[in-house]
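# Fold and geometry: a report
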Amino acid sequence: MRKLEERIFKVLMIISSLVIMSVLLYILWIIIRRGLPSLTWDMVSKVPSGGFYLGKEGGILNAIVGSLYLIFGSVLISTLISLPVALYINFLISKKSRFSSIVRFSFDILFGIPSIVYGAFGFMVMIYLGIQASLLGGIIAVSLLIIPIMVRSIDEVAVYVPKDLIEAPLSLGATKFETLKVVVRQILPGITTAILLAVGRGIGDAATVLFTAGYTDSINLSPAQPAATLPLAIFFQLSSPIEEVQNRAYAAALILTIIILVISFSTRYFGNKLSKSKV
Amino acid sequence: MLGLTILCLTILFVIGLVLLSKAFPVFRDKDLFKVFFTSGWRPFKGEYGFLTFIFSTLNVTFIAILIALPFSLLTSIYLSEYSTSRIKKIFNPIIDLLSGIPPVIYGVWGTLTVVPLISEKIAPHFVDFSTGYSVLAGGIVLAIMITPLIISITNEVFAAIPKDIREASWSLGATKWETVKKVVLRKSLPGIIAAVVLAISRAFGETIAVLMVCGNVTELPASIFDSCYPLPALIANNYGEMMSLPEYEAALMFSALLLFIIIVIFNAGSRLILNRVSKRYQQ
């Protein structure tokens, strides 16, 4: 009886692991099968003509470029904010101090806040500042979304760096800034992982950019103009009744999935200990 | 640096305050009982009943947890107690990738597979007609999205339980499964509950994927094969219109505030439990 129960549950465990594995493969298979036929050179090298929702010609270059700009801006801003915060709570004050744990706790909570709330909040901030739906608005909202991710994953590495590392150069007469440079070099793999995670999360999120970045058929380099993004290229064009437009959505979905796959593998390559699903 | 850190600390309050101030007209002008417990939604006539949206969100989340929990728990137990390290090495990237796939991709996949499956294969056995864009479709897609979350948290919770306790149980003659059932699972119950609460709050806030497969009909769903309209989808779908009417904007910001408050409370609670769990066994 005891053996039987154990055996039944072991079989169930293996089945559920296999189910989860096959769901992932099934998702990837569907996205590839649906997207690959539409993924032509025109698709990635042209902007849509005749309106992204109705025009049958053209591709999704607007969304690819828009997404890259958006994520570049957001990651730049978030790194400038996250890195000092992570360094501060680990090296300038005690890692285990009450203040450090409060900061960690509040980033844990910020991490859990859904992107739609960041989107809505970003939108309100934009109204307050008088900014229209624009690349800049999108960058603000996406930065809010990825700062908690970056702080948490830099912190995860920084926590293991002994405080001696900062005390030794200090005692030799180095300035605080020089000392922090040593630390940053030490946790560089962690920072790389943090950036990769942030790119993966930020580039694929639709709900944050929906209110804030807007959408456009053309490529805009000005931060004050709306910018198209890949997730919204999928979301908007999929609902179009025209097949050619839907195909653009499927191609965008495949491109986004490839980006995520590349990021996932490079994260694994850079940070062996860090995991994206670590929450 | 201290300034930046404090700035980040205040963000949480700033978000709460901004949403509260924008949603304030709802508290001032509306009967909150009516807001929560009626389902009439006619923004241009001043009728704002959130029941449909709240009910939809709860329903979709419930189905998602119901599906995801057994699969994730069994997989998690398998990975932490039974599997070899080689299997773990194969499985970790899978969980990572599942949690890394953007919501909009889940949405695309859902409309291509889950929705037709429900309308053609499953629903005809139960109801006369279903478009497939339904509570069930939302639940299934959400279930897949929260599975990696539950697995990775429970894995950490299991890992926090010292090996000694398991060995003590084995030496008393318990089998591996008995040890899992009576020692590991019992010891990690608070952690598992925290994982589920985190998963619920993730499911509450998920927007695009659910929106794409739920149908978004402002009517109380009569069965799981009917369309529904969760709260985040309401916000996402109406952002363009809401500017035309201050009251409408207030109502949408009220739903954002509602999500924000619930999710902050759920997150804070489960983080406190998880912090305690990981500390208890660290000497």
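Remember, it's a predicted structure, so these values are computed and weren't measured experimentally.

So, how was this worked out
Residues numbered from 1 in each chain as written. Chains lettered and ligands numbered in written order. Predicted model: local features only at pLDDT ≥ 70, side-chain atom pairs only at ≥ 80, totals over all residues. Helix = DSSP H or I, 4+ residues; strand = E, 2+ residues; numbered from the N terminus. Contact = placed C-beta atoms within 7 Å. Buried ≥ 20, exposed ≤ 12 C-beta atoms within 10 Å, placed from the backbone. Nonpolar A, V, L, I, M, F, W, Y, C, P; charged D, E, K, R; others polar. Axes fitted to C-alpha atoms, helices over the stretch in contact; angles between N-to-C directions. Parallel < 35°, antiparallel > 145°, perpendicular 65-115°, else oblique. Left-handed = near helix turned anticlockwise from the far one by under 90°. Core = buried A, V, L, I, M, F, W, Y, C linked by C-beta atoms within 7 Å. Domains from an automatic or database assignment. pLDDT = per-residue confidence, 0-100.

## Focus: the overall build of chain B
A count of helices and strands for chain B gives 12 helices and two strands. Secondary structure elements of chain B, listed N to C terminal, follow the sequence α-α-β-β-α-α-α-α-α-α-α-α-α-α. Taking the principal axes of its C-alpha atoms as reference, chain B extends roughly 70 × 60 × 35 Å. Considering only residue pairs separated by 6 or more positions, chain B has 76% of its internal contacts joining residues 24 or more positions apart.

## Regarding the overall build of chain A
When helices and strands are counted, chain A shows 12 helices and zero strands. Along its sequence from the N terminus, chain A presents helices and strands in the succession α-α-α-α-α-α-α-α-α-α-α-α. Seen along its three principal axes, the alpha-carbon backbone of chain A occupies a region of about 70 × 65 × 35 Å. Looking at the 279 residues of chain A, the share that counts as buried comes to 52%. Taking as baseline every contact in chain A between residues at least 6 positions apart, the subset at least 24 positions apart corresponds to 74%.

## Focus: the interface of chain B and chain A
Every contact between the two is made by 66 residues of chain B and, on the other side, 64 residues of chain A. Of the residues contributing to the side of chain B that touches chain A, the split by class is 47 nonpolar, 13 polar and six charged.

## Topic: the packing of helix 3 (residues 51–82) of chain B against helix 9 (residues 189–205) of chain B
Relative placement of two packed helices is described by the angle separating their axes and the distance separating the axes. Residues and elements named next belong to chain B. Here helix 3 crosses helix 9 at 135°, and the two axes come no closer than 9 Å. Comparing their axes, helix 9 and helix 3 come out oblique. Remark: the crossing between helix 3 and helix 9 carries right-handed chirality. Taken together, the residues of helix 9 that come into contact with helix 3 (itself represented by Thr57, Thr61, Ala64, Ile65, Ala68 and Leu69) are Val196, Ala199, Ile200, Ala203 and Phe204. Residue composition of the contact of helix 3 with helix 9, by class: nine nonpolar, two polar and no charged.

## Focus: the nonpolar core
Of all hydrophobic cores here, the largest spans 177 residues; its most connected members are Ile234 and Ala252 of chain A together with Val141 and Ala199 of chain B. Composition of this core by domain shows at least three residues from each of domain 1 (2–36) and domain 2 (39–270) of chain A.

## What to know about the domain arrangement of chain A
Residues and elements named next belong to chain A. Annotation of chain A at the domain level lists domain 1 (2–36) and domain 2 (39–270). The centre of domain 1, based on its C-alpha atoms, is set 31 Å off from the matching centre of domain 2. On the domain 2 side, the residues contacting the six residues of domain 1 number six residues. Residues of the side of domain 1 that touches domain 2, tallied by class, amount to four nonpolar, one polar and one charged.

## Digging into the environment of Thr257 of chain A
By the element assignment, Thr257 of chain A lies in helix 12 (residues 243–270). Apart from residues no more than four positions distant in its own chain, Thr257 of chain A is found in contact with Leu28 and Ile31 of chain A together with Ile105 of chain B.

## Examining the confidence of the model for chain A
Mean pLDDT over chain A works out to 88, with 97% of the residues at or above the 70 mark. Low pLDDT, under 50, characterises residues 274–279 of chain A; the predicted model gives this stretch 23 contacts beyond four residues in sequence or across chains.

## Observations concerning the packing of helix 3 (residues 61–92) of chain A against helix 6 (residues 135–158) of chain A
All names here are of chain A. Two elements in contact, helix 3 and helix 6, have axes separated by 7 Å at closest approach and are oriented at 40°. Seen along the crossing, helix 3 lies across helix 6 with a hand that is right-handed. When grouped by side-chain class, the residues that make up the contact of helix 3 with helix 6 number 17 nonpolar, eight polar and one charged.

## Considerations on the environment of Val135 of chain B
Residues and elements named next belong to chain B. Tracing the backbone through its elements, the reader meets Val135 in helix 6 (residues 135–160). Owing to 26 C-beta atoms within 10 Å, Val135 belongs among the buried residues under this scheme. Distance in space between the C-alpha atoms of Val135 and Lys88 is 34 Å, their sequence separation being 47 residues. Setting aside its immediate chain neighbours within four residues, Val135 contacts Ser56, Asn59, Val60, Ile63, Pro221, Ile224, Asp226 and Cys228.

## A few points about unusual backbone geometry
In this structure, Asn216 of chain B takes a positive phi of about 55° despite not being glycine. In this fold, Asn216 of chain B is placed in the loop between helix 10 (208–214) and helix 11 (231–238).

## A look at the confidence of the model for chain B
Averaged over all residues, the pLDDT of chain B is 90; the fraction at 70 or higher stands at 98%. At the level of chain-chain contacts, confidence expressed as ipTM amounts to 0.92, with global pTM at 0.92.

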